[in-house]
Amino acid sequence: MGLFSVIGMQQAWLLTIVPIFGFLIVALFGKRIPRQGDWIIAAVGIFCLFASISIIADFQSFFHGHGFEPNGANVLSFEWINIPNYLLIEYSTFVDSITIVMLFVVSLVGLMVVIYSIGYMQGEVRYHWYFSLLAFFLAAMFTLVTTGNLLQLYLAWEAVGLGSYLLIGFYWEKQSAAEAAKKAFITTRIGDVGLLIGILLLWRASGTFDIQTIIGLAEASYFDSTYLTISMIFLFFGAVGKSAQFPLHVWLPDAMEGPTPVSALIHAATMVVAGVYLVSRMLPIYELIPVAQNLILIIGLITALLAATMGLVSQDIKRVLAYSTVSQLGYMFVALGVGSLSAAMFHLFTHAFFKALLFLGSGSVIHATHKQEISSLGALKNKMPITFLTFTIGALSLAGIPPLAGFWSKDEILLYTGEFGSVFYGLLLFAALLTAIYSTRLVIMIFFGKPKDSEAYEHAHESPKIMNIPLIILAIFATVSGFFIFPFVGQLFGFDDGFMGIVYLYHPHVFHLEFTTMITAISISLLGVLLGYFYWFYEDGRRANNASKWAPEIYNLFLNKYYIDNFYQAFINKFVLGLASIIAWFDDKIVNRSGIDGSAQILNYVGYRLKFLQTGKIPNYVLMMSVGILLFSFILLINY
Amino acid sequence: MLSKVPLPQQFDRLIVTGGIVTSVFVILILTILLILKFVGFISYTEVFFWLISSGMIIGALASVFLKNIVHAVFSLLAPLLGIVAIYLFLGSEFLALAQLLIYGGGVVILLLFALMMTDVQDNPVVIDGSQKPVGFIIAVLIGFVLLYSIFTADIEIATPSSLSLADLGSNIFTQFLIPFLLLGILLDIALTGALLNGKKHKNLQSSDSDE
Amino acid sequence: MIPLENFLILSSILFCIGFYGVLSRKNAILILISVELMLAAVGINFVAFSSFYDTERYSGHIFALFVVAIAAAEVGLALGIIIRLFRERKTINIDEANELKW
């Protein structure tokens, strides 16, 4: 790996600076650059991948001699804001094992998405603006994962939110896209407020924003335990918003209004896992607070189940994938809730690849047919063989079929949850079953059966090479990235151990095959696949239709997303708008009409009355003047 | 035509009645002042001063109260000429001379010219404004304030010193040179303004005024 | 020897009479006459104080001189205005020159 060590951990800031420059150049001058500057962003993406691998190599060689300290190092920090004796904020970069996993995921998926977008976005409006936004997002995301400082993290956190907002609303001419962007921004903002409160609470008590310092203080029982619990729950609330966990999950399905590669990058692989990243980063503190950790576990579990059931009935390819993403993020939070950093990060690692693959595959289908509803697709197997193959690999990986990547990581989560409690284990297995069912349903509905919309079918064609190559690369990763769990694969890349021996909290996990869990997981996955096959493959899914008629209440419950959106809408309509109308009434009637217009009217009236004092007759004026003189002279007389 | 000009008869009547009234007042005031002198309140100089002062005050009252505008203007001569004597009491000959020339010779004549150019010939009797009572009260109150402050003030006893013309000249042309020059400019401007104002502008003529 | 009070009393009385004239008269020329009375009263005050107390500079005398000059200028201008007014309106009653109102 020494070959790559040109850019070391010291130079991690390059990952922020270079994409920012790419963003500025393409955003400002994109229209005048040949091909509207997409090659600049592609070069930025290649650079980022190269730099990330280089940093990982540096990390590996540095810690090889130091016995793999679980903590990384503040590899760079300089004074950012300094108010002497009061406030010192440093700009710092920080690289540890969590960071390198994130770096690899973000840079690889980012590059794949940029390349794919060159084909997908060909001829779209605002082509250069799209690419510059991708660079902006990458800059923010790299800053987020390399920061060693909570304030800087918050900055990057908001920046990725902004990038997400702009990209969801990329087709802002479309009403639904504009509203989805707004919804995503506002919903995540609710969580962000919690994050900000949490950060400020921690800063208030400790006087620092530095993450490692805060962890050290927390471990030394520096904080009051209730205070720490409250601030960490606020921090987790930020993660809930960003990672689309229940009850703030509503924005992610709507965010599918954005271009599909964006969904792959932001809403599957990188930004939405920022919450997982944050909780992983702070996990040493959460380990100290059982209340907060149980909350994480329960929220994760609820989300995993809810989203899986919603994904079962959704009629839009991308929405199914979005619900699946929410559900898998729930899995990661469950893993964090039971205290397994390794399992959560490993699932994040594999999930990024196969979910990005699924999104890009669905983008390929949409690009070919201009249809998103699975009810108007079908039988595309022969028309789009490469898309079909890669999509199926992704879906099976999601379903948890060995030896694909999803199986290994999900297996780890199930294993640790099983150690924690059997109820959670059972519920998580049920979610895994649902995952397998809807994955199968998606593949069958899109690629098998009869074409439901003949026009779309006739129109369908295989995507260009520039879109297929990222699909193939991601498919390879979706297949092999699970093997990183084996120690010998890690050793192949110069590490001492497999994934579990690199990313861990207190002590490295020793990987060994747990046959009971494994066989249960495999059988559940296979059962799910078979059920999907049984329900949707035969007789054009008549059984599935019957099943939906069998219990229409439950079906409608799923279809209407548990009425959570309706509830929120009603809450906004009744409560927020009601309150707003009261305030508007107050503003209009009291402040504006009475306060501002009223005072003006009083002055107007008084002026109208007083103007008749101006008689125009000079003797009157002289009289008034003499009265004034008289008064003044009396005052003088009294004073002397 | 001659019968339409009532001025000679008016002057006759004015002179006769004015002369009789003034003589009566002068004799009355002189008697009072002489009594005061012999009682010992005032000196001869003060008798003379108050005699002149009472003439001034009577003239002033006449110029303010008389209905006939010509009579009012002529009555103004009494206070204006009385001031000449007052200035002489205060030992300032030059001021007295200037006052006599400018007011007695200039201003009153100017006023009479103005009267002549307006409609005085047709209706010399003026109607006063409606604020007469209010004005009276205010004037009395101001007088009260002034007199009260004069009588209650602690006035240092001093003797007036007369001012020689040479001193006045050297003061004006040394210490007060710039104000004096500015005064000259002001007079120039006033003269020009009066000329421009009095001139007939073609565009400002009212339609019925004949040329 | 005449004490200062006498001059002050005289000037006060003249001033009040002039003030009353300004307030009560309607005819512009008569108002002007009253203003002249007030100016004369002020002049007496200036000269009296000056010759009693300011024997170094006699600034009161000079001020009185200035007042006389300015009064002359004022009379000239005012009469010009009055004649102009009469030419425009056939009257010198200032109550009728009341355009400057609401």
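As the structure is a prediction and not an experimental result, all values here were calculated from the model. (Residues numbered from 1 in each chain as written. Chains lettered and ligands numbered in written order. Predicted model: local features only at pLDDT ≥ 70, side-chain atom pairs only at ≥ 80, totals over all residues. Heavy atoms only, no water.)

K.L.:
I'm lost on the overall build of chain A in this one. Help?
P.N.:
From N to C terminus, chain A includes 27 helices and two strands. The buried share of chain A, taken over its 640 residues, is 56%. Restricting to contacts in chain A with at least 6 residues of sequence separation, those with at least 24 account for 79%. For chain A, the accessible surface area stands at approximately 26400 Å², while carbon and sulfur atoms represent 68% of it. (Helix = DSSP H or I, 4+ residues; strand = E, 2+ residues; numbered from the N terminus. Buried < 20%, exposed > 50% of the residue type's maximum accessible area, 1.4 Å probe, protein only. Contact = heavy atoms within 4.5 Å. Areas by Shrake-Rupley, 256 points an atom, 1.4 Å probe, with all protein chains shown as cover.)

K.L.:
Any chance you could explain the overall build of chain C here in plain terms?
P.N.:
When its secondary structure is counted, chain C shows three helices and zero strands. Along its sequence from the N terminus, chain C presents helices and strands in the succession α-α-α. The buried share of chain C, taken over its 102 residues, is 68%. Looking at chain C alone, contacts between residues at least 24 apart form 55% of all its contacts between residues at least 6 apart. Split by element, the accessible area of chain C, about 3500 Å² in all, is 65% carbon and sulfur.

K.L.:
Quick question: what am I supposed to make of the interface of chain A and chain C here?
P.N.:
Interfaces are often described in size by the accessible area the parts lose on coming together. In this complex, chain A contributes twelve residues to the contact, which on the side of chain C involves eleven residues. Carbon and sulfur atoms make up 72% of the surface buried where chain A meets chain C, a total of about 980 Å² over both sides. Broken down residue by residue, the surface that chain A buries against chain C is led by G616, K617 and P619 of chain A, which jointly contribute 37%. Joining chain A to chain C, the criterion identifies zero salt bridges. The interface formed by chain A and chain C holds zero residue pairs in polar contact (both at pLDDT 80 or more) in total. Considered class by class, the residues forming the side of chain A that touches chain C number six nonpolar, four polar and two charged. (Buried area = accessible area lost by both parts, 1.4 Å probe. Salt bridge = Lys/Arg side-chain N within 4 Å of Asp/Glu carboxyl O. Polar contact = N/O pair within 3.5 Å; in protein donor to acceptor, adjacent residues only side chain to side chain. Nonpolar A, V, L, I, M, F, W, Y, C, P; charged D, E, K, R; others polar.)

K.L.:
Explain the interface of chain B and chain C to me, please; I cannot follow it from the model alone.
P.N.:
With 85 residues of chain B at the contact, the number on the chain C side is 69 residues. The junction of chain B with chain C conceals about 7000 Å² of combined surface from both sides, 76% of it contributed by carbon and sulfur atoms. Sorting the residues of chain B by area buried against chain C places V64, L90 and N197 of chain B first, and these three jointly supply 8% of that buried surface. Inspection of the chain B/chain C interface yields zero salt bridges.

K.L.:
I would appreciate a short explanation of the confidence of the model for chain C in the present structure.
P.N.:
In regions of low pLDDT, the predicted coordinates are not meant to be interpreted in detail. All names here are of chain C. Residues of chain C with pLDDT of at least 70 account for 99%, and the chain-wide mean is 86. Mean pLDDT across the elements of chain C ranges from a minimum in helix α3 (residues 59-89), with 86, to a maximum in helix α1 (residues 4-24), with 91. The ipTM, which scores confidence in the relative placement of chains, is 0.88 for this predicted complex, and the corresponding pTM is 0.66. (pLDDT = per-residue confidence, 0-100.)

K.L.:
Sorry if this is basic, but what is going on with the packing of helix α3 (residues 97-120) of chain A against helix α15 (residues 341-369) of chain A here?
P.N.:
Any two packed helices are characterised by the angle at which their axes cross and by the distance between the axes. All names here are of chain A. Where α3 meets α15, the closest approach of the two axes is 11 Å, and the angle between their N-to-C directions is 5°. One element, α3, and the other, α15, form an angle in the roughly parallel class. Each of I98, V101, M102, F104, V105, L108, V109, V113, Y116, G119 and Y120 in α3 lies in contact with α15, whose residues at this interface are L341, M345, L348, F349, A352, F353, A356, L360, G363, S364, I366 and H367. The residue makeup of the contact of α3 with α15, split by class, is 19 nonpolar, four polar and no charged. (Axes fitted to C-alpha atoms, helices over the stretch in contact; angles between N-to-C directions. Parallel < 35°, antiparallel > 145°, perpendicular 65-115°, else oblique.)

K.L.:
Which parts of the structure should I look at to understand the packing of α1 of chain C against helix α2 (residues 28-53) of chain C?
P.N.:
Residue and element names in this part refer to chain C. Across the interface, α1 lies against α2 with an axial gap of 8 Å and an inter-helix angle of 165°. Judged by the inter-axis angle, α1 sits roughly antiparallel to α2. Viewed along their axes, α1 and α2 form a crossing whose handedness is left-handed. Here the residues of the contact of α1 with α2 are counted per class, giving 20 nonpolar, five polar and no charged. (Left-handed = near helix turned anticlockwise from the far one by under 90°.)

K.L.:
Whenever I open this one, the environment of I27 of chain B confuses me. Can you help?
P.N.:
Tracing the sequence through the fold places I27 of chain B in helix α1 (residues 7-39). Residues I27 of chain B and L51 of chain B, 24 residues apart in the sequence, show an inter-C-alpha distance of 9.7 Å.

K.L.:
In this structure, what is going on with helix α8 (residues 225-242) of chain A? I would like to understand it.
P.N.:
Since there are 3.6 residues in each turn of an α-helix, residues three or four apart along the chain are aligned in direction. All names here are of chain A. Spanning 18 residues, α8 covers 26 Å between terminal C-alpha atoms, matching the ideal 26 Å at 1.5 Å per step. Of the positions making up α8, those classed as buried are Y227, L228, T229, S231, M232, L235, F236, G238, A239, V240, G241 and K242. Where α8 terminates, the next one or two residues include A244, which has phi positive at roughly 55°. (Expected span 1.5 Å × (residues − 1).)

K.L.:
Would you mind showing me how to read the packing of aromatic side chains here?
P.N.:
Within a pair of aromatic rings, the relevant descriptors are the distance that separates the centres and the angle that separates the planes. Inspection of every chain in the model, using the stated rule, returns 46 aromatic pairs over all chains. Ring geometry for F49 of chain B against W50 of chain B: centres 5.2 Å apart, planes inclined by 80°, an arrangement best described as edge-to-face. Using a relative accessible area of 0% as the deciding quantity, one classes F49 of chain B as buried. Between the NZ or CZ atom of R126 of chain A and the centre of the ring of F170 of chain A, over which it lies, the distance is 5.2 Å. Positioned over the ring face of F86 of chain C is K90 of chain C, at 6.0 Å from the centre of the ring. (Phe/Tyr/Trp six-rings, centres within 6.5 Å; stacked < 30°, edge-to-face > 60°. Lys NZ or Arg CZ within 6 Å of the ring centre and 35° of its normal.)

K.L.:
Any chance you could explain the environment of L147 of chain B here in plain terms?
P.N.:
Checked against the element boundaries, L147 of chain B lands in helix α6 (residues 132-152). Leave out the neighbours within four places in its chain, and L147 of chain B touches I9 and S12 of chain C.

K.L.:
Help me out: how do you make sense of the nonpolar core in this one?
P.N.:
As a rule of thumb, soluble globular proteins bury nonpolar side chains together. Within the largest apolar cluster, 201 residues are counted, with the highest numbers of intra-cluster contacts made by Y286 and I446 of chain A. Of all the elements, α15 of chain A adds the most residues to this core, at 18 residues. Dropping the residues within four chain positions of it, Y286 of chain A is found in contact with M232, L235, F236, V279, A292, Q293 and I296 of chain A. Counting residues in hydrophobic clusters, the runner-up holds 72 residues, among them L80 and L115 of chain B together with I29 and V75 of chain C. (Core = buried A, V, L, I, M, F, W, Y, C linked by side-chain atoms within 4.5 Å.)

K.L.:
Please explain a nonpolar patch on the surface as it appears in this structure.
P.N.:
Side chains of F567, F571, I572, F575, V576, L577, L579, I582 and I583 of chain A sit close together on the surface and give an oily, nonpolar patch of about 870 Å² of accessible area. With respect to the helices and strands, the residue I572 of chain A is situated in helix α26 (residues 564-610). (Patch = residues over 30% accessible without salt bridge, like charges linked within 9 Å, V, L, I, M, F, W, Y side chains within 5 Å.)

K.L.:
Could you clarify how one ought to interpret the pattern of salt bridges in this entry?
P.N.:
All names here are of chain A. All chains considered together, the criterion is met by twelve salt bridges over all chains. Salt-bridge contacts for E173 lead to R126; the nearest nitrogen and oxygen are separated by 2.9 Å. Of this pair, E173 sits in the loop between α5 (150-168) and α6 (175-206) while R126 sits in the loop between α3 and α4 (127-146); the two residues are 47 residues apart in sequence, bridging distant segments of the chain. Between D588 and R593 there is a salt bridge; the shortest N-O distance is 3.6 Å. One continuous salt-bridge network, built from bridges that share partners, spans K183, D254, R319 and D565.

K.L.:
I tried to follow the confidence of the model for chain A on my own but got confused; where do I start?
P.N.:
Per-residue confidence for chain A gives a mean pLDDT of 86, with 96% of residues at or over 70. When pLDDT is averaged over each element of chain A, α5 of chain A comes out on top at 92 and helix α24 (residues 542-550) of chain A at the bottom at 73.

K.L.:
Please explain the side chain of S263 of chain A as it appears in this structure.
P.N.:
All names here are of chain A. Locating S263 in the fold gives a position in helix α10 (residues 260-269). Judged by relative accessible area, S263 falls into the buried class, the value being 0%. Not counting residues within four places of it along the chain, the set of residues in contact with S263 comprises M256, G258, A268, K318 and F359.

K.L.:
Can you walk me through the side chain of S481 of chain A in this structure?
P.N.:
Residues and elements named next belong to chain A. On the secondary structure map, S481 appears in the loop between α20 (465-480) and α21 (487-492). Taking relative accessible area as the criterion, S481 reaches 0% and is therefore assigned buried. A polar contact is formed between the side chain of S481 and the backbone oxygen of F477, at a distance of 2.8 Å. In contact with S481, not counting residues within four places along its chain, are F346, F349, T350, F353 and A405.

K.L.:
Explain unusual backbone geometry to me, please; I cannot follow it from the model alone.
P.N.:
With the exception of glycine, most residues fall at negative phi, and the peptide bonds are largely trans. All names here are of chain A. Cis geometry marks the peptide bond from F246 to P247, where omega comes out at 5°. Here P247 is to be found in the loop between α8 and α9 (251-254). Here the bond from P402 into P403 is cis, since omega is 5°, no more than 30 degrees from zero. For R35, which is not a glycine, the phi torsion comes out positive at approximately 55°. With respect to the element layout, R35 can be found in the loop between α1 (14-29) and α2 (38-64). Phi at S221 is positive, roughly 55°, even though this residue is not glycine. Turning to its location among the elements, S221 is positioned in the loop between α7 (211-219) and α8.

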